Amino acid sequence: MQPPPPPPPRRPADVEMAGPFPPDLHDVRHLWLKAVLLLLWALVSFGTTYFARDLQVLVFGGWPLGYWIAAQGAVLVFIGIVVAYGWAMNHFERQDLARREALETPPASATDRSHG
């Protein structure tokens, strides 16, 4: 009879908590950003097609607005959504980094200050 195999080595808690996404990606700021950009995407994609006949009456740059949105406007809005998402995520990361650095830096104690 063989002895039971040894238990697997214990991993640190932060490794066990690591999943496919870091927890800070589910922050309220990120969720609001995703919701607003998704709503904008839905409005441009489905709203303009629903109101396409009504938009044909409006003329923008010599072309009916429905045609302009279908040919160029929607693509420009989608590129804008990607740029806005990238800029906002960089902004959130800089905020989080500044917050982490502020927490890691110990405050100056009363004994460290000069009296003079």
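If you're wondering where the values come from, they're calculated on a predicted model, not measured in any experiment.

Peer 1: Honestly, the packing of aromatic side chains in this entry has me stumped. Any pointers?
Peer 2: What describes a pair of aromatic rings is the distance from one ring centre to the other and the angle between the planes of the rings. Here the structure, examined in full by the defined rule, presents one aromatic pair. With a centroid separation of 5.6 Å and 85° between ring planes, the pair formed by tryptophan 41 and phenylalanine 46 is classed as edge-to-face. Sitting over the face of the ring of phenylalanine 92, arginine 29 holds its NZ or CZ atom 4.7 Å from the ring centroid.

Peer 1: Hey, could you run me through the environment of tryptophan 41 in this one?
Peer 2: Checked against the element boundaries, tryptophan 41 lands in helix α2 (residues 28-50). Since its relative accessible area comes to 35%, tryptophan 41 is described here as partly exposed. Each C-alpha atom of the pair tryptophan 41 and alanine 74 lies 8.8 Å from the other, and the pair is 33 residues apart in sequence. Sequence-distant contacts of tryptophan 41, that is, excluding residues within four places in its chain, are made with Phe46, Phe78 and Ile81.

Peer 1: Explain a nonpolar patch on the surface here, please?
Peer 2: A contiguous nonpolar surface patch, about 380 Å² in accessible area, is contributed by Val75, Leu76, Ile79 and Val83. Structurally, isoleucine 79 is set in helix α4 (residues 65-104). Classification of isoleucine 79 as partly exposed rests on a relative accessible area of 48%.

Calculation notes
- Residue numbers restart at each chain and count upward from 1, following the sequence in its written direction.
- A pLDDT threshold of at least 70 governs which residues receive local features in this predicted model, and a stricter bar of 80 or more applies before side-chain atom pairs are shown or counted, although totals over entire chains, interfaces and linings include all residues.
- The basis for every side-chain value is the complete set of non-hydrogen atoms in the structure, without hydrogens or water.
- Note on aromatic pairs: the rings of Phe, Tyr and Trp (six-membered ring only in Trp) are paired at centre separations within 6.5 Å, and the planes decide the class, stacked below 30 degrees, edge-to-face beyond 60, tilted for the rest.
- Here, over-ring charges are defined by two tests on the NZ atom of lysine or the CZ atom of arginine: distance to the ring centre within 6 Å, and angle to the ring normal within 35 degrees.
- Here a helix means four or more residues in a row that DSSP labels H or I, a strand means two or more in a row labelled E, and each is numbered from the N terminus.
- Accessible area is worked out with a 1.4 Å probe on protein chains only. A residue is then buried under 20% of its type maximum, exposed over 50%, and partly exposed in between.
- We call two residues in contact when some of their heavy atoms are within 4.5 Å.
- Residues with no salt bridge and a relative accessible area higher than 30% make up the patches, which join like charges within 9 Å and nonpolar side chains (Val, Leu, Ile, Met, Phe, Trp, Tyr) within 5 Å.
- Here, Shrake-Rupley sampling with a 1.4 Å probe gives the accessible areas, and only protein chains in the shown set may cover a residue.
- Between Lys or Arg on one side and Asp or Glu on the other, a salt bridge is scored when a side-chain nitrogen of the former is within 4 Å of a carboxyl oxygen of the latter.

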